[in-house]
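The primary structure of each chain is shown beneath.
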Amino acid sequence: MPDPTTDHSSAPSTIVLRNPATEEVVRELTLATRADADAAIKRAAAAGPGWRAIAPADRARLMRRFADTIAAHADELAALETANMGMPMGNSTWCANAAADVIHYFAGAIDKHTGSTIPVAGGVDMTFHEPLGVVGLITPWNFPVLMASWKIGPALAAGNTAVLKPAEITPLTAMRLGELALDAGIPEGVLNVVVGTGPEVGWRFVEHPTVRKVAFTGSTAVGKRIMAGCADQVKRVTLELGGKSANIVFADADIEAAAAAAPGAVFDNSGQDCCARSRVLVQRSVFDRFLEHFIESSRHFTVGDPTSPNTAMGPLVTAEHLARVRRFTDGLETVYTGDVPEGPGYWHPIMIATSTDHSASICRDEIFGPVAVVIPFEDEADAIRICNDSDYGLSGSVWTGDGSRALRVVRAMDAGTISVNSNSSVRYSTPFGGFKQSGLGREHSMTVLDHYTELKNVFIATGS
Ligand code: NAD
(Lines give C-alpha, C1' and ligand atoms only; values in the text may rest on other atoms or scores of the structure.)
Protein backbone atom coordinates (compact mmCIF):
# COMPACT_ATOMS: atom_id res chain seq x y z
CA MET A 1 0.00 0.00 0.00
CA PRO A 2 2.35 2.85 -1.13
CA ASP A 3 1.34 6.41 -0.21
CA PRO A 4 -1.37 6.79 -2.85
CA THR A 5 -0.70 10.52 -3.23
CA THR A 6 2.92 10.16 -4.30
CA ASP A 7 4.83 8.81 -7.27
CA HIS A 8 7.69 6.87 -5.67
CA SER A 9 9.58 6.45 -8.96
CA SER A 10 10.51 10.16 -8.89
CA ALA A 11 11.93 10.19 -5.34
CA PRO A 12 15.16 12.26 -5.22
CA SER A 13 18.34 10.40 -4.26
CA THR A 14 20.35 13.32 -2.87
CA ILE A 15 19.65 16.63 -1.15
CA VAL A 16 21.73 19.80 -0.98
CA LEU A 17 21.34 21.64 2.33
CA ARG A 18 21.91 25.40 2.18
CA ASN A 19 22.43 27.89 5.00
CA PRO A 20 19.20 29.94 4.83
CA ALA A 21 21.02 33.13 5.83
CA THR A 22 23.80 32.91 3.25
CA GLU A 23 22.57 30.34 0.69
CA GLU A 24 25.97 28.62 1.00
CA VAL A 25 26.00 24.82 0.78
CA VAL A 26 26.19 23.29 4.26
CA ARG A 27 26.10 19.61 3.31
CA GLU A 28 25.06 17.30 0.49
CA LEU A 29 23.43 14.05 1.58
CA THR A 30 22.37 10.82 -0.02
CA LEU A 31 18.75 10.19 0.89
CA ALA A 32 17.61 6.90 2.35
CA THR A 33 15.36 4.60 0.36
CA ARG A 34 12.47 2.37 1.40
CA ALA A 35 15.01 -0.46 1.64
CA ASP A 36 17.09 1.62 4.08
CA ALA A 37 13.96 2.28 6.13
CA ASP A 38 13.20 -1.44 6.20
CA ALA A 39 16.76 -2.21 7.35
CA ALA A 40 16.46 0.35 10.17
CA ILE A 41 13.11 -1.10 11.25
CA LYS A 42 14.73 -4.54 11.32
CA ARG A 43 17.59 -3.23 13.48
CA ALA A 44 15.10 -1.62 15.87
CA ALA A 45 13.10 -4.84 16.14
CA ALA A 46 16.25 -6.86 16.85
CA ALA A 47 17.33 -4.43 19.59
CA GLY A 48 13.95 -4.48 21.38
CA PRO A 49 14.31 -7.52 23.66
CA GLY A 50 17.78 -6.44 24.81
CA TRP A 51 16.62 -2.87 25.58
CA ARG A 52 13.66 -4.11 27.59
CA ALA A 53 15.84 -6.60 29.47
CA ILE A 54 18.00 -3.83 30.95
CA ALA A 55 16.92 -3.13 34.53
CA PRO A 56 14.90 0.10 34.84
CA ALA A 57 17.52 1.88 36.93
CA ASP A 58 20.24 0.97 34.40
CA ARG A 59 18.09 2.04 31.46
CA ALA A 60 17.49 5.34 33.25
CA ARG A 61 21.25 5.68 33.84
CA LEU A 62 21.92 5.16 30.11
CA MET A 63 19.34 7.77 29.19
CA ARG A 64 20.79 10.23 31.71
CA ARG A 65 24.21 9.68 30.16
CA PHE A 66 22.61 10.37 26.75
CA ALA A 67 21.11 13.59 28.14
CA ASP A 68 24.46 14.66 29.59
CA THR A 69 26.17 13.90 26.28
CA ILE A 70 23.64 16.09 24.46
CA ALA A 71 24.24 18.90 26.97
CA ALA A 72 28.01 18.54 26.55
CA HIS A 73 27.54 18.99 22.78
CA ALA A 74 24.92 21.76 23.03
CA ASP A 75 27.12 24.38 21.35
CA GLU A 76 27.92 22.06 18.47
CA LEU A 77 24.25 21.09 18.05
CA ALA A 78 23.22 24.76 18.19
CA ALA A 79 25.74 25.73 15.52
CA LEU A 80 24.50 22.90 13.26
CA GLU A 81 20.87 23.94 13.78
CA THR A 82 21.61 27.58 13.03
CA ALA A 83 23.56 26.73 9.87
CA ASN A 84 20.93 24.24 8.68
CA MET A 85 17.70 26.10 9.42
CA GLY A 86 18.58 29.71 10.20
CA MET A 87 17.45 29.71 13.83
CA PRO A 88 19.12 32.49 15.84
CA MET A 89 21.98 31.14 17.92
CA GLY A 90 20.37 32.13 21.25
CA ASN A 91 17.31 30.06 20.39
CA SER A 92 19.19 27.09 18.97
CA THR A 93 21.42 26.96 22.08
CA TRP A 94 18.28 27.01 24.24
CA CYS A 95 16.76 24.21 22.13
CA ALA A 96 19.84 21.98 22.37
CA ASN A 97 19.93 22.32 26.17
CA ALA A 98 16.17 21.83 26.37
CA ALA A 99 16.54 18.60 24.37
CA ALA A 100 18.94 17.34 27.06
CA ASP A 101 16.43 18.31 29.77
CA VAL A 102 13.67 16.38 27.98
CA ILE A 103 15.77 13.21 27.88
CA HIS A 104 16.63 13.70 31.58
CA TYR A 105 12.94 14.04 32.45
CA PHE A 106 12.03 10.81 30.69
CA ALA A 107 15.02 8.98 32.16
CA GLY A 108 13.51 9.86 35.53
CA ALA A 109 10.09 8.67 34.41
CA ILE A 110 11.20 5.10 33.66
CA ASP A 111 10.48 3.74 37.16
CA LYS A 112 7.54 6.06 37.85
CA HIS A 113 5.11 5.08 35.10
CA THR A 114 3.40 2.52 37.29
CA GLY A 115 0.32 0.36 36.85
CA SER A 116 -2.45 -0.03 39.42
CA THR A 117 -4.31 -2.63 41.43
CA ILE A 118 -8.09 -2.54 41.23
CA PRO A 119 -10.54 -3.89 43.81
CA VAL A 120 -12.56 -6.74 42.25
CA ALA A 121 -14.40 -9.78 43.55
CA GLY A 122 -12.77 -13.23 43.60
CA GLY A 123 -9.19 -12.23 43.00
CA VAL A 124 -6.58 -9.59 42.34
CA ASP A 125 -6.66 -7.28 39.35
CA MET A 126 -3.70 -5.30 38.12
CA THR A 127 -2.57 -3.25 35.13
CA PHE A 128 0.74 -3.12 33.29
CA HIS A 129 2.02 -0.54 30.79
CA GLU A 130 3.62 -2.69 28.10
CA PRO A 131 5.98 -1.23 25.48
CA LEU A 132 4.59 -1.17 21.94
CA GLY A 133 7.72 -2.49 20.23
CA VAL A 134 9.16 -0.53 17.30
CA VAL A 135 7.83 3.01 17.04
CA GLY A 136 8.20 5.30 14.00
CA LEU A 137 8.94 8.93 14.79
CA ILE A 138 8.45 11.59 12.11
CA THR A 139 9.52 15.17 12.86
CA PRO A 140 9.26 18.55 11.08
CA TRP A 141 11.94 21.07 10.14
CA ASN A 142 11.05 24.00 12.41
CA PHE A 143 12.57 22.85 15.75
CA PRO A 144 14.65 19.86 14.60
CA VAL A 145 16.62 18.85 17.70
CA LEU A 146 13.84 19.71 20.11
CA MET A 147 11.09 17.85 18.23
CA ALA A 148 13.35 14.80 17.96
CA SER A 149 13.95 14.81 21.74
CA TRP A 150 10.22 15.13 22.45
CA LYS A 151 9.66 11.80 20.74
CA ILE A 152 12.89 9.94 21.52
CA GLY A 153 12.55 10.58 25.28
CA PRO A 154 9.16 8.96 25.94
CA ALA A 155 9.59 6.32 23.21
CA LEU A 156 12.77 4.88 24.75
CA ALA A 157 11.71 5.44 28.37
CA ALA A 158 8.60 3.35 27.76
CA GLY A 159 10.79 0.45 26.61
CA ASN A 160 10.33 0.81 22.86
CA THR A 161 12.99 0.99 20.19
CA ALA A 162 12.69 3.70 17.57
CA VAL A 163 13.21 4.68 13.96
CA LEU A 164 13.35 8.46 13.60
CA LYS A 165 12.83 10.26 10.31
CA PRO A 166 13.67 13.96 10.63
CA ALA A 167 12.58 16.42 7.97
CA GLU A 168 15.07 15.86 5.16
CA ILE A 169 15.76 19.60 4.80
CA THR A 170 16.99 19.97 8.41
CA PRO A 171 18.33 16.54 9.42
CA LEU A 172 21.78 17.42 10.79
CA THR A 173 21.05 17.67 14.52
CA ALA A 174 18.89 14.53 14.51
CA MET A 175 21.70 12.64 12.77
CA ARG A 176 24.07 13.87 15.46
CA LEU A 177 21.62 12.76 18.18
CA GLY A 178 21.79 9.23 16.76
CA GLU A 179 25.61 9.31 17.08
CA LEU A 180 25.53 10.84 20.57
CA ALA A 181 23.14 8.12 21.74
CA LEU A 182 25.69 5.48 20.73
CA ASP A 183 28.53 7.47 22.34
CA ALA A 184 26.51 7.52 25.57
CA GLY A 185 26.13 3.75 25.55
CA ILE A 186 22.56 3.41 24.27
CA PRO A 187 22.79 -0.01 22.58
CA GLU A 188 23.03 -0.26 18.81
CA GLY A 189 19.62 -0.45 17.12
CA VAL A 190 17.65 1.21 19.95
CA LEU A 191 17.57 4.58 18.16
CA ASN A 192 17.88 4.57 14.37
CA VAL A 193 17.92 7.81 12.39
CA VAL A 194 16.93 7.51 8.73
CA VAL A 195 17.10 10.62 6.54
CA GLY A 196 14.81 10.43 3.53
CA THR A 197 11.71 12.03 2.14
CA GLY A 198 8.31 11.66 3.75
CA PRO A 199 6.66 9.66 0.97
CA GLU A 200 9.69 7.34 0.67
CA VAL A 201 10.81 6.75 4.29
CA GLY A 202 8.10 8.26 6.54
CA TRP A 203 5.34 6.44 4.73
CA ARG A 204 7.24 3.17 5.16
CA PHE A 205 6.64 3.57 8.92
CA VAL A 206 2.93 3.80 8.17
CA GLU A 207 2.80 0.68 6.04
CA HIS A 208 5.44 -1.59 7.63
CA PRO A 209 3.69 -4.07 9.97
CA THR A 210 6.62 -4.21 12.41
CA VAL A 211 6.15 -0.52 13.28
CA ARG A 212 3.47 -0.49 15.96
CA LYS A 213 2.95 3.24 16.28
CA VAL A 214 3.62 6.40 14.27
CA ALA A 215 4.27 9.55 16.28
CA PHE A 216 4.02 12.42 13.82
CA THR A 217 4.65 16.14 14.08
CA GLY A 218 4.03 18.21 10.99
CA SER A 219 1.33 19.76 8.87
CA THR A 220 -2.33 18.94 9.27
CA ALA A 221 -2.54 17.87 5.61
CA VAL A 222 0.15 15.18 5.96
CA GLY A 223 -1.11 14.22 9.43
CA LYS A 224 -4.52 13.37 7.97
CA ARG A 225 -2.91 11.10 5.35
CA ILE A 226 -0.84 9.36 8.01
CA MET A 227 -3.88 8.80 10.20
CA ALA A 228 -5.80 7.33 7.26
CA GLY A 229 -2.83 5.13 6.33
CA CYS A 230 -2.46 3.84 9.89
CA ALA A 231 -6.13 2.84 9.96
CA ASP A 232 -5.40 -0.10 7.68
CA GLN A 233 -3.54 -1.91 10.51
CA VAL A 234 -5.26 -0.07 13.36
CA LYS A 235 -1.77 1.24 14.00
CA ARG A 236 -1.37 3.58 16.97
CA VAL A 237 -0.90 7.16 15.88
CA THR A 238 -0.35 10.48 17.62
CA LEU A 239 -0.40 13.74 15.71
CA GLU A 240 1.00 17.15 16.58
CA LEU A 241 -0.19 19.39 13.77
CA GLY A 242 -0.67 23.00 12.74
CA GLY A 243 -2.14 25.97 14.54
CA LYS A 244 -3.57 29.47 14.20
CA SER A 245 -3.48 30.41 17.83
CA ALA A 246 -5.16 33.41 19.43
CA ASN A 247 -3.51 35.93 21.73
CA ILE A 248 -6.50 37.55 23.46
CA VAL A 249 -5.93 40.94 25.09
CA PHE A 250 -8.70 42.38 27.28
CA ALA A 251 -8.98 46.08 28.10
CA ASP A 252 -8.30 45.34 31.78
CA ALA A 253 -4.89 43.78 31.00
CA ASP A 254 -1.49 45.38 31.39
CA ILE A 255 -1.56 46.56 27.77
CA GLU A 256 2.11 47.57 27.66
CA ALA A 257 3.21 44.15 28.98
CA ALA A 258 0.94 42.29 26.53
CA ALA A 259 2.19 44.37 23.61
CA ALA A 260 5.83 43.97 24.63
CA ALA A 261 5.43 40.17 24.73
CA ALA A 262 3.36 39.87 21.53
CA PRO A 263 6.21 40.04 18.95
CA GLY A 264 8.04 37.09 20.53
CA ALA A 265 4.80 35.10 20.55
CA VAL A 266 4.45 35.26 16.79
CA PHE A 267 7.78 36.29 15.20
CA ASP A 268 10.02 33.94 17.19
CA ASN A 269 11.61 31.35 14.88
CA SER A 270 10.45 33.65 12.03
CA GLY A 271 6.87 32.61 12.75
CA GLN A 272 7.74 29.00 11.87
CA ASP A 273 6.20 27.83 15.12
CA CYS A 274 3.12 25.67 15.52
CA CYS A 275 2.22 27.67 18.68
CA ALA A 276 2.68 31.09 17.03
CA ARG A 277 0.01 33.46 18.36
CA SER A 278 -0.62 34.75 14.84
CA ARG A 279 -4.13 36.04 15.59
CA VAL A 280 -3.97 38.89 18.09
CA LEU A 281 -7.48 39.58 19.39
CA VAL A 282 -7.73 42.97 21.11
CA GLN A 283 -10.72 44.52 22.89
CA ARG A 284 -11.90 47.45 20.81
CA SER A 285 -11.57 50.07 23.56
CA VAL A 286 -7.78 49.50 23.75
CA PHE A 287 -7.22 48.45 20.12
CA ASP A 288 -5.35 51.57 18.95
CA ARG A 289 -3.24 51.81 22.10
CA PHE A 290 -2.27 48.13 21.91
CA LEU A 291 -1.49 48.32 18.17
CA GLU A 292 0.78 51.32 18.65
CA HIS A 293 2.77 49.51 21.37
CA PHE A 294 2.82 46.22 19.42
CA ILE A 295 4.27 47.95 16.35
CA GLU A 296 6.82 49.78 18.51
CA SER A 297 7.96 46.52 20.17
CA SER A 298 8.13 44.80 16.78
CA ARG A 299 10.50 47.53 15.51
CA HIS A 300 12.94 46.36 18.20
CA PHE A 301 12.64 42.67 17.26
CA THR A 302 16.08 42.50 15.64
CA VAL A 303 16.13 40.72 12.29
CA GLY A 304 19.48 39.64 10.87
CA ASP A 305 22.48 37.35 11.06
CA PRO A 306 21.36 34.31 13.08
CA THR A 307 24.89 33.73 14.39
CA SER A 308 24.84 37.10 16.17
CA PRO A 309 23.81 36.89 19.85
CA ASN A 310 21.64 40.02 19.46
CA THR A 311 19.46 38.59 16.70
CA ALA A 312 15.85 37.79 17.56
CA MET A 313 14.74 36.64 14.10
CA GLY A 314 16.57 34.99 11.22
CA PRO A 315 15.54 34.00 7.69
CA LEU A 316 12.94 31.45 6.64
CA VAL A 317 14.14 27.88 6.22
CA THR A 318 14.31 27.49 2.42
CA ALA A 319 13.67 29.37 -0.81
CA GLU A 320 10.61 27.13 -1.33
CA HIS A 321 9.16 28.04 2.05
CA LEU A 322 9.84 31.75 1.41
CA ALA A 323 7.90 31.47 -1.87
CA ARG A 324 5.03 29.74 0.00
CA VAL A 325 4.83 32.49 2.63
CA ARG A 326 4.96 35.17 -0.08
CA ARG A 327 1.93 33.62 -1.71
CA PHE A 328 0.03 34.67 1.45
CA THR A 329 1.63 38.09 1.86
CA ASP A 330 2.07 39.43 -1.69
CA GLY A 331 -0.26 42.42 -1.90
CA LEU A 332 -1.21 42.18 1.79
CA GLU A 333 -2.14 45.57 3.25
CA THR A 334 -0.12 46.00 6.42
CA VAL A 335 0.06 48.55 9.23
CA TYR A 336 3.72 47.66 9.71
CA THR A 337 6.32 45.95 7.52
CA GLY A 338 9.82 45.56 8.92
CA ASP A 339 13.21 45.55 7.20
CA VAL A 340 15.29 42.59 6.12
CA PRO A 341 19.04 42.38 5.43
CA GLU A 342 20.20 42.98 1.88
CA GLY A 343 22.06 40.28 -0.02
CA PRO A 344 21.61 36.52 -0.03
CA GLY A 345 19.27 34.57 2.25
CA TYR A 346 15.61 33.64 2.46
CA TRP A 347 14.39 36.77 4.27
CA HIS A 348 10.82 37.75 4.88
CA PRO A 349 10.01 40.93 6.81
CA ILE A 350 7.87 41.07 9.92
CA MET A 351 4.36 42.07 8.87
CA ILE A 352 1.42 43.25 10.96
CA ALA A 353 -2.02 43.60 9.40
CA THR A 354 -5.45 44.31 10.87
CA SER A 355 -8.73 42.68 9.92
CA THR A 356 -12.39 42.71 10.86
CA ASP A 357 -13.22 39.98 8.32
CA HIS A 358 -12.52 36.72 10.11
CA SER A 359 -13.16 34.71 6.96
CA ALA A 360 -10.04 36.24 5.34
CA SER A 361 -7.13 33.88 4.63
CA ILE A 362 -4.84 35.84 6.97
CA CYS A 363 -7.23 35.04 9.85
CA ARG A 364 -7.67 31.36 8.99
CA ASP A 365 -4.58 29.88 7.31
CA GLU A 366 -1.38 28.85 9.06
CA ILE A 367 1.10 31.04 7.18
CA PHE A 368 4.16 29.78 9.10
CA GLY A 369 6.00 33.07 8.57
CA PRO A 370 6.48 36.33 10.54
CA VAL A 371 2.98 37.64 9.95
CA ALA A 372 0.44 38.73 12.59
CA VAL A 373 -3.14 39.87 12.17
CA VAL A 374 -4.70 42.08 14.83
CA ILE A 375 -8.47 41.65 15.17
CA PRO A 376 -10.81 43.80 17.33
CA PHE A 377 -13.48 42.25 19.57
CA GLU A 378 -16.28 43.74 21.65
CA ASP A 379 -16.63 41.64 24.79
CA GLU A 380 -15.81 38.27 26.36
CA ALA A 381 -18.36 36.32 24.31
CA ASP A 382 -17.12 37.92 21.09
CA ALA A 383 -13.49 37.08 21.94
CA ILE A 384 -14.35 33.43 22.58
CA ARG A 385 -16.43 33.22 19.39
CA ILE A 386 -13.61 34.60 17.21
CA CYS A 387 -10.96 32.49 18.99
CA ASN A 388 -12.91 29.26 18.44
CA ASP A 389 -13.83 30.07 14.84
CA SER A 390 -10.88 28.04 13.52
CA ASP A 391 -10.21 24.50 12.38
CA TYR A 392 -7.16 24.58 14.64
CA GLY A 393 -6.90 24.54 18.44
CA LEU A 394 -3.29 24.21 19.52
CA SER A 395 -2.39 27.00 21.94
CA GLY A 396 -3.36 30.50 22.98
CA SER A 397 -3.02 33.28 25.53
CA VAL A 398 -5.35 35.41 27.60
CA TRP A 399 -4.21 38.77 28.95
CA THR A 400 -6.45 40.22 31.67
CA GLY A 401 -6.27 41.66 35.19
CA ASP A 402 -9.43 39.82 36.21
CA GLY A 403 -8.75 36.31 37.55
CA SER A 404 -12.35 35.14 37.22
CA ARG A 405 -12.48 36.27 33.61
CA ALA A 406 -9.20 34.48 32.91
CA LEU A 407 -10.67 31.22 34.20
CA ARG A 408 -13.95 31.66 32.33
CA VAL A 409 -12.19 32.36 29.06
CA VAL A 410 -9.56 29.61 29.23
CA ARG A 411 -12.28 27.04 29.98
CA ALA A 412 -14.24 28.20 26.93
CA MET A 413 -11.30 28.21 24.52
CA ASP A 414 -11.00 25.26 22.11
CA ALA A 415 -7.25 24.89 22.55
CA GLY A 416 -5.01 22.39 24.29
CA THR A 417 -2.21 24.60 25.62
CA ILE A 418 -3.12 27.99 27.07
CA SER A 419 -1.32 30.59 29.16
CA VAL A 420 -2.59 33.59 31.13
CA ASN A 421 -0.64 36.86 31.14
CA SER A 422 2.15 34.97 29.37
CA ASN A 423 2.71 33.42 25.95
CA SER A 424 4.58 30.37 27.17
CA SER A 425 3.48 27.07 25.62
CA VAL A 426 5.78 24.18 26.29
CA ARG A 427 7.28 22.62 29.41
CA TYR A 428 8.43 18.99 29.34
CA SER A 429 6.61 18.28 32.64
CA THR A 430 3.17 19.50 31.47
CA PRO A 431 0.93 18.03 28.76
CA PHE A 432 1.14 19.66 25.35
CA GLY A 433 -1.07 19.18 22.30
CA GLY A 434 -4.03 20.38 20.32
CA PHE A 435 -7.80 20.30 20.01
CA LYS A 436 -9.61 19.80 16.69
CA GLN A 437 -7.31 19.65 13.62
CA SER A 438 -4.23 20.62 15.65
CA GLY A 439 -3.67 17.06 16.70
CA LEU A 440 -4.43 13.86 18.48
CA GLY A 441 -2.80 12.77 21.73
CA ARG A 442 -0.40 14.73 23.90
CA GLU A 443 3.36 15.17 24.19
CA HIS A 444 5.29 15.70 27.42
CA SER A 445 4.55 14.98 31.07
CA MET A 446 3.79 11.47 32.34
CA THR A 447 0.68 11.58 30.09
CA VAL A 448 2.68 10.97 26.92
CA LEU A 449 3.93 7.61 28.23
CA ASP A 450 0.39 6.29 27.86
CA HIS A 451 0.72 7.01 24.13
CA TYR A 452 3.89 4.89 23.89
CA THR A 453 2.54 1.86 25.78
CA GLU A 454 -0.39 -0.55 25.70
CA LEU A 455 -2.42 -0.92 28.88
CA LYS A 456 -2.72 -4.57 29.86
CA ASN A 457 -5.16 -5.78 32.52
CA VAL A 458 -4.55 -9.02 34.42
CA PHE A 459 -6.98 -10.77 36.76
CA ILE A 460 -5.66 -13.47 39.12
CA ALA A 461 -8.26 -15.65 40.78
CA THR A 462 -7.57 -16.15 44.46
CA GLY A 463 -10.51 -18.41 45.12
CA SER A 464 -12.41 -16.15 47.48
P1 NAD B 1 5.22 18.37 6.86
O2 NAD B 1 3.90 17.79 7.20
O3 NAD B 1 5.47 18.79 5.46
O4 NAD B 1 6.40 17.36 7.21
C5 NAD B 1 6.56 16.82 8.51
C6 NAD B 1 7.32 15.52 8.41
O7 NAD B 1 6.52 14.58 7.69
C8 NAD B 1 8.63 15.62 7.63
O9 NAD B 1 9.59 14.79 8.20
C10 NAD B 1 8.23 15.12 6.25
O11 NAD B 1 9.30 14.60 5.50
C12 NAD B 1 7.23 14.02 6.63
N13 NAD B 1 6.30 13.67 5.55
C14 NAD B 1 5.87 14.43 4.53
N15 NAD B 1 5.03 13.71 3.74
C16 NAD B 1 4.92 12.48 4.29
C17 NAD B 1 4.21 11.30 3.93
N18 NAD B 1 3.44 11.23 2.84
N19 NAD B 1 4.35 10.20 4.73
C20 NAD B 1 5.12 10.25 5.84
N21 NAD B 1 5.83 11.33 6.21
C22 NAD B 1 5.72 12.44 5.45
O23 NAD B 1 5.45 19.57 7.89
P24 NAD B 1 6.66 20.58 7.95
O25 NAD B 1 6.48 21.56 6.84
O26 NAD B 1 7.95 19.84 8.08
O27 NAD B 1 6.41 21.28 9.37
C28 NAD B 1 5.59 22.36 9.54
C29 NAD B 1 4.25 21.92 10.13
O30 NAD B 1 4.47 21.22 11.34
C31 NAD B 1 3.37 23.11 10.51
O32 NAD B 1 2.05 22.86 10.12
C33 NAD B 1 3.50 23.16 12.01
O34 NAD B 1 2.41 23.79 12.65
C35 NAD B 1 3.60 21.71 12.36
N36 NAD B 1 4.21 21.55 13.69
C37 NAD B 1 3.42 21.14 14.72
C38 NAD B 1 3.94 21.01 16.00
C39 NAD B 1 3.11 20.58 17.15
O40 NAD B 1 3.68 20.17 18.16
N41 NAD B 1 1.78 20.64 17.07
C42 NAD B 1 5.30 21.28 16.22
C43 NAD B 1 6.08 21.70 15.14
C44 NAD B 1 5.52 21.82 13.88
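What you are looking at is a predicted structure, and each value in this text was computed from that prediction instead of being measured. (Residues numbered from 1 in each chain as written. Predicted model: local features only at pLDDT ≥ 70, side-chain atom pairs only at ≥ 80, totals over all residues. Heavy atoms only, no water.)

**Points about the domain arrangement of the protein chain**
The domains assigned to the protein chain are domain 1 (8–241 + 438–459) and domain 2 (246–427). On a C-alpha basis, the centroid separation for the pair domain 1 and domain 2 is 30 Å. If you look at the interface, domain 1 gives 25 residues, while domain 2 gives 27 residues. For the pair domain 1 and domain 2, the summed buried area comes to about 2000 Å², and 61% of that belongs to carbon and sulfur atoms. Where domain 1 meets domain 2, there are 0 salt bridges. Tallied by class, residues from the side of domain 1 that touches domain 2 come to 11 nonpolar, 10 polar and 4 charged. (Domains from an automatic or database assignment. Contact = heavy atoms within 4.5 Å. Buried area = accessible area lost by both parts, 1.4 Å probe. Salt bridge = Lys/Arg side-chain N within 4 Å of Asp/Glu carboxyl O. Nonpolar A, V, L, I, M, F, W, Y, C, P; charged D, E, K, R; others polar.)

**Comments concerning helix α10 (residues 287–299)**
Along its 13 residues, α10 runs 18 Å from first to last C-alpha, staying within 8% of the 18 Å computed at 1.5 Å per residue. Those residues of α10 not exposed but buried are F287, F290, L291, F294, I295, S297 and S298. On an axial view of α10, the arc spanned by its buried residues comes to 165°, and they lie on one face. Opposite the buried face of α10, by more than 90 degrees, sit the exposed residues D288 and E292. Along its buried surface, α10 packs onto β10 (246–249), α9 (255–267), β11 (279–283), β12 (336–337), β13 (351–354) and β14 (371–377). (Helix = DSSP H or I, 4+ residues; strand = E, 2+ residues; numbered from the N terminus. Expected span 1.5 Å × (residues − 1). Buried < 20%, exposed > 50% of the residue type's maximum accessible area, 1.4 Å probe, protein only. Arc of directions from axis to C-beta.)

**Let's talk about the environment of G86**
When you line up the elements, G86 lands in the loop between α3 (74–85) and α4 (89–109). Judged by its relative accessible area of 2%, G86 falls in the buried class. A C-alpha to C-alpha distance of 9.3 Å links G86 and T22, two positions 64 residues apart in sequence. Apart from residues lying up to four places away in sequence, G86 is in contact with P20, E81, P306, G314 and P315.

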